[in-house]
Amino acid sequence: QMLMRITSGTPVPAPILPDNCTSEEGCCMPQPYTGKPARDFEGDLALPIRIRRPVHKLNESEIARLERGYKLLRELPDLDPRSLSNQANLHCLYCDNGIYYNNMTWPLEIHNHWLFLPWHRMFLYFHERILAKLLDDDTFALPYWNWDNQSSSEEANILPRIYSTNETSYLRDLNRNKCAQPPNLVHLNSIGGCTDKTADELRIENTQVMYTQIVTGAPTPRLFFGEPYSYGDSGGYGPGTFEDNPHGTVHLWVGDPDAATAFNDMGNFGRSARDPVFYTHHSNIDRIWTIWKTLPGKQRTEPTHADFLDSRFTYYDENADQVIVNLSQIINTPLLR
Ligand code: C2O
């Protein structure tokens, strides 16, 4: 497929989510569901500030709450757009040729350019709010998988045990790389499958990956977020340093190289969000974005171009209603609580 840049000078408008299955993976969303028209997101300043904690340090009641949330999520009916598989379908629509605008050649794509980080932050926001609603607990926060922490006295850089070792857990996914099971350490340069590197070698290499991709290699918004993307552009010509590696490499490391579709679930765009570990992985992505802004250097800020700030995306909220978010709201973390 030839990739080209149209550079319309227009931000991406909020897509109408299709209810047919034209995407490569057949990602259908049930709709209309509540029958209400999509409304603009306003944020809710009455919500408590939610603190995301490292997954390897959750206490028993936090683990039980998380388990119960995913149990309730998995029990939602197939037709509910908030179900785990429909949330995965929504992610899939946005990246698997599922959304076409009238008169545009290329489908909307939210990977491999500057929309990647903000789109996923908001996807996670609604995932968290949906779990909070099911749990009837507005203080619920997703945990983050702290794979950037290479300390040998903590279990931060392994596939989180609560997501992987208990066979009856609702946090498990059956399609995973057998070499990504604890106690094997994550490989932030993974190309999928197994590695014969030792734990000490992996700790050193992972630390180098973090340093080159987040610190020295990404001193500007363009390097960190990736290339610009405007209405009508094709995707795929410029991920930021962070998106490829470690973000993408962790996806590949978790996915099963021997699955019928190689690297299902986590290593395949269309299916990755079916694995609950997707959300704790992206919670760490969100956290590192925030930390990146505090590193030394004058340009560690979000892009300021209107094609970035005024892009708009459609999601489903905790009440199964469609809601349209303006990108400038997504970088307003106080608004997101
Ligand atoms: Cu849309 Cu981690 O990917």
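Residues numbered from 1 in each chain as written. Predicted model: local features only at pLDDT ≥ 70, side-chain atom pairs only at ≥ 80, totals over all residues. Heavy atoms only, no water.

Teacher, can you tell me more about the packing of aromatic side chains here?
Each aromatic ring pair is characterised by the separation of its centres together with the angle its planes make. A complete count under the given rule lists 22 aromatic pairs for this structure. Considering the side-chain rings of F123 and F278, the 6.0 Å spacing of their centres and the 85° angle between planes classify their relative orientation as edge-to-face. Placement of the pair is F123 in helix α3 (residues 116-135) and F278 in helix α8 (residues 277-292), with a sequence separation of 155 residues. Of the two residues, F123 and F278, neither departs from the other in class, the shared state being buried. For the pair F225 and W289, a centre-to-centre distance of 5.7 Å together with 85° between the ring planes defines the contact as edge-to-face. With F225 in helix α6 (residues 221-225) and W289 in helix α8, this pair connects stretches of sequence that are 64 residues apart. Each member of the pair F225 and W289 is classed as buried. (Phe/Tyr/Trp six-rings, centres within 6.5 Å; stacked < 30°, edge-to-face > 60°. Helix = DSSP H or I, 4+ residues; strand = E, 2+ residues; numbered from the N terminus. Buried < 20%, exposed > 50% of the residue type's maximum accessible area, 1.4 Å probe, protein only.)

Please explain helix α5 (residues 199-216) as it appears in this structure.
Counting along an α-helix, one turn takes 3.6 residues, and residues three or four places apart therefore face a common direction. With 18 residues, α5 should reach 26 Å at 1.5 Å per residue; the first-to-last C-alpha distance of 24 Å fits that figure. Considered for burial, the residues of α5 that qualify are L202, R203, E205, N206, V209, M210, Q213 and I214. Looking at the buried side of α5, the elements it contacts are α6, α7 (241-254) and α8. (Expected span 1.5 Å × (residues − 1). Contact = heavy atoms within 4.5 Å.)

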